Amino acid sequence: MAKKFACKNIGLACAFETTAENEEALLAQVREHAKTAHNMEQVDEVTMSKIKASFQEA
Ligand SMILES: [Zn+2]
């Protein structure tokens, strides 16, 4: 099931949106984006649950 994520859905003032074939692939993209765009070398657990909860079907 394809999934999508948008930074604005977790309250970030950021226009980044992405879709992927499944949750694992989407998480990998979100982690990469968090690192490069938001300087989050590690995504903490609270943020990670927010991210996962915000995933929508694409
Ligand atoms: Zn972002």
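Calculation criteria
Residues numbered from 1 in each chain as written. Predicted model: local features only at pLDDT ≥ 70, side-chain atom pairs only at ≥ 80, totals over all residues. Heavy atoms only, no water. Donors = N, O, S within 2.8 Å, 3.2 Å for Na, K, Ca; no water. Tetrahedral: all angles 85-135°; square planar, octahedral: opposite > 155°, others 65-115°. Helix = DSSP H or I, 4+ residues; strand = E, 2+ residues; numbered from the N terminus. Buried < 20%, exposed > 50% of the residue type's maximum accessible area, 1.4 Å probe, protein only. Pairing = 2+ DSSP bridges. Contact = heavy atoms within 4.5 Å. Axes fitted to C-alpha atoms, helices over the stretch in contact; angles between N-to-C directions. Arc of directions from axis to C-beta. Polar contact = N/O pair within 3.5 Å; in protein donor to acceptor, adjacent residues only side chain to side chain.

Caption draft 1: The arrangement of the coordination of the zinc ion in detail. Taken together, the protein ligands of the zinc ion are Cys 7 (SG), Cys 14 (SG), His 33 (NE2) and His 38 (NE2), with distances of 2.0 to 2.3 Å. What the four donor atoms of the zinc ion show is an angle range of 100 to 116° at the metal, which sorts the shape as tetrahedral. On the primary sequence, the residues serving as donors to the zinc ion are separated as C-x6-C-x18-H-x4-H. Of the two residues, Cys 7 sits in the loop between β1 (3-6) and β2 (17-20) while His 33 sits in helix α1 (residues 23-38), which places them 26 residues apart along the sequence. Comparing Cys 7 with His 33 shows no difference in burial state: the two are buried.

Caption draft 2: How the structure looks around the sheet that holds β2. Taking strand neighbours across the sheet as the criterion, the three strands line up as β2-β1-β3 in an open arrangement whose pairing is antiparallel. The open sheet has two edge strands, β2 and β3 (56-57), and neither has a second partner. In the sheet, β1 pairs with β2 via four bridges, with the strands oriented antiparallel. Counterpart to Phe 5 in the pairing with β2 is Thr 18. Most of the contacts of α1 go to β2, to which it runs at about 150°, and overall it touches β1 and β2.

Caption draft 3: View of helix α2 (residues 45-54). Turning to α2, its buried residues number three or more, namely Thr 47, Met 48, Ile 51 and Ser 54. Down the axis, α2 shows its buried residues gathered within 130° of arc, on one side only. The outward face of α2, more than 90 degrees from its buried face, is lined by the exposed residues Glu 45, Val 46 and Ala 53. If you follow the buried residues of α2, they end up packed against β1, α1 and β3. Backbone nitrogen of Val 46 and a side-chain oxygen of the N-cap are separated by 3.1 Å at the start of α2; the cap is Asp 44.

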